[in-house]
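Here is how the chains run, residue by residue.
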Amino acid sequence: MLETTNLLTDESDSKEQVKRCHTIDSLVWKNLRIEVNDKVLISDLNLNLTKGKIYVLKGVNGSGKTTLIETLLGFVAPSQGEIMLNAESLSFERYKELSYLFGYVPQEVNLFQSTVAENVLIGKPFGQELLTLSLWPKQLRDVNRLIGDGGKGLSGGEKKRLTILRESLYGAPLIIFD
């Protein structure tokens, strides 16, 4: 059984509505149903996520937590359910267009053989001043430190911190951790 604890369709939506939506005050899914290969993984789930709160999904292995996250990120289409973002009803296709609003920290982080800074910034044009921010975890402040492919040379915690920092720099209003 999947349980949420204090959790944070109209095709006529215009491009202006999509552009206007640069923040998330609320994200509501009603009667969510997810099927994969004709198997129902989640049914009749209602989520009401609001700005400024932290939400936790709890459930045993195989209960659908990752599948729900993949649906929230727009990777898996629900077979049923209404989506409302900031009180506006959206089709799933329109919802997917808004994926830039979501940051994602996966279970397995994706790191490259390069420096800490290059792994965080991933070629984005941030200014050099960003590399000295106190936001950086103490263990990662040596931004020129070389790390190996897949994060070799970093502990599991450092890999996760690096990925969290990467997502937080992009200013996504919602960051989802798997």
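The model shown is predicted, which means the values in this text are computed figures rather than measured ones. (Residues numbered from 1 in each chain as written. Predicted model: local features only at pLDDT ≥ 70, side-chain atom pairs only at ≥ 80, totals over all residues. Heavy atoms only, no water.)

Visitor: So what's going on with the overall build of the chain? Residues and values would help.
Guide: Scanning the chain from terminus to terminus reveals five helices and ten strands. With 178 residues in all, the chain has 40% of them scored as buried. Put simply, the chain shows about 10300 Å² of open surface, and 50% of that area lies on carbon and sulfur atoms. (Helix = DSSP H or I, 4+ residues; strand = E, 2+ residues; numbered from the N terminus. Buried < 20%, exposed > 50% of the residue type's maximum accessible area, 1.4 Å probe, protein only. Areas by Shrake-Rupley, 256 points an atom, 1.4 Å probe, with all protein chains shown as cover.)

Visitor: Can you tell me about the pairing of strand β3 (residues 39-50), naming the residues and giving the values?
Guide: As paired strands, strand β2 (residues 26-36) and β3 are joined by eight bridges and run antiparallel to one another. In the strand pairing of β3, Ser26 is matched with Thr50. (Pairing = 2+ DSSP bridges.)

Visitor: Explain the nonpolar core to me, and be specific about the residues and the numbers.
Guide: The biggest cluster of nonpolar side chains holds 25 residues, and the ones touching the most others in it are Leu27, Trp29, Leu68, Leu72 and Tyr95. Counting only elements with at least two residues in this core, the list comes to β2, β3, α2 (65-72), β5 (80-85), α3 (92-97) and β10 (174-177). Residues Leu111, Leu121, Leu140 and Leu154 belong to the second largest nonpolar core, which totals eleven residues. (Core = buried A, V, L, I, M, F, W, Y, C linked by side-chain atoms within 4.5 Å.)

Visitor: Which residues make up the pairing of β5, and what are the values?
Guide: With five bridges connecting them, β2 and β5 associate as antiparallel partners. The residue bridging Leu27 from the neighbouring strand is Leu85, located in β5. As paired strands, β5 and strand β6 (residues 88-90) are joined by three bridges and run antiparallel to one another. Looking at β6, one finds that Met84 is bridged to Ser89. Here β5 hands over to β6 after two residues, with Asn86 in that stretch at a positive phi of 55°.

Visitor: Could you give me a rundown of the packing of aromatic side chains, with the residues and numbers involved?
Guide: Any pair of aromatic rings gets described here by the distance separating the centres and the angle formed by the planes. This model, assessed by the stated rule, comprises four aromatic pairs. On the basis of an interplanar angle of 45° and a centroid distance of 5.6 Å, the ring pair of Tyr95 and Phe102 is categorised as tilted. In terms of burial, Tyr95 and Phe102 fall into one category: buried. An aromatic cluster is built from Trp29, Phe92, Tyr95 and Phe102, whose rings are joined through pairwise contacts. (Phe/Tyr/Trp six-rings, centres within 6.5 Å; stacked < 30°, edge-to-face > 60°.)

Visitor: How would you summarise helix α5 (residues 156-169) if you had to cite specific residues and measurements?
Guide: In this model α5 runs 20 Å from its N-terminal to its C-terminal C-alpha over 14 residues, within 8% of the 20 Å that 1.5 Å per residue would give. The complete set of buried residues in α5 reads Glu158, Leu162, Thr163, Leu165, Arg166, Glu167 and Leu169. Residues of α5 that are buried in the fold lie against β7 (102-105), α4 (116-121), β9 (146-147) and β10. At the C-terminal side of α5, Gly171 shows a positive phi close to 70°. (Expected span 1.5 Å × (residues − 1). Contact = heavy atoms within 4.5 Å.)

Visitor: Please give an account of the environment of Ile34 that cites residues and values.
Guide: With respect to the element layout, Ile34 can be found in strand β2. On the basis of relative accessible area, Ile34 is assigned to the buried category, the value being 0%. Apart from the residues within four sequence positions on either side, Ile34 is in contact with Lys39, Val40, Leu41, Ile42, Thr67, Leu68, Thr71, Val76 and Ser79.

Visitor: I'd like to hear about a nonpolar patch on the surface, residue by residue, with values.
Guide: On the surface, a nonpolar cluster with roughly 250 Å² of combined accessible area is contributed by Phe112, Ile122 and Tyr170. Here Ile122 is to be found in the loop between α4 and β9. (Patch = residues over 30% accessible without salt bridge, like charges linked within 9 Å, V, L, I, M, F, W, Y side chains within 5 Å. Salt bridge = Lys/Arg side-chain N within 4 Å of Asp/Glu carboxyl O.)

Visitor: Quick one: what's the story with the pattern of salt bridges, residue by residue and with numbers?
Guide: Scanning the entire structure with this criterion turns up five salt bridges. The closest approach of N and O atoms between Arg33 and Glu35, which form a salt bridge, is 2.7 Å. In this structure, Glu158 engages Arg145 in a salt bridge whose closest nitrogen and oxygen atoms are separated by 3.5 Å. Of this pair, Glu158 sits in helix α5 while Arg145 is found in the loop between α4 and β9, placing the two residues 13 residues apart along the sequence.

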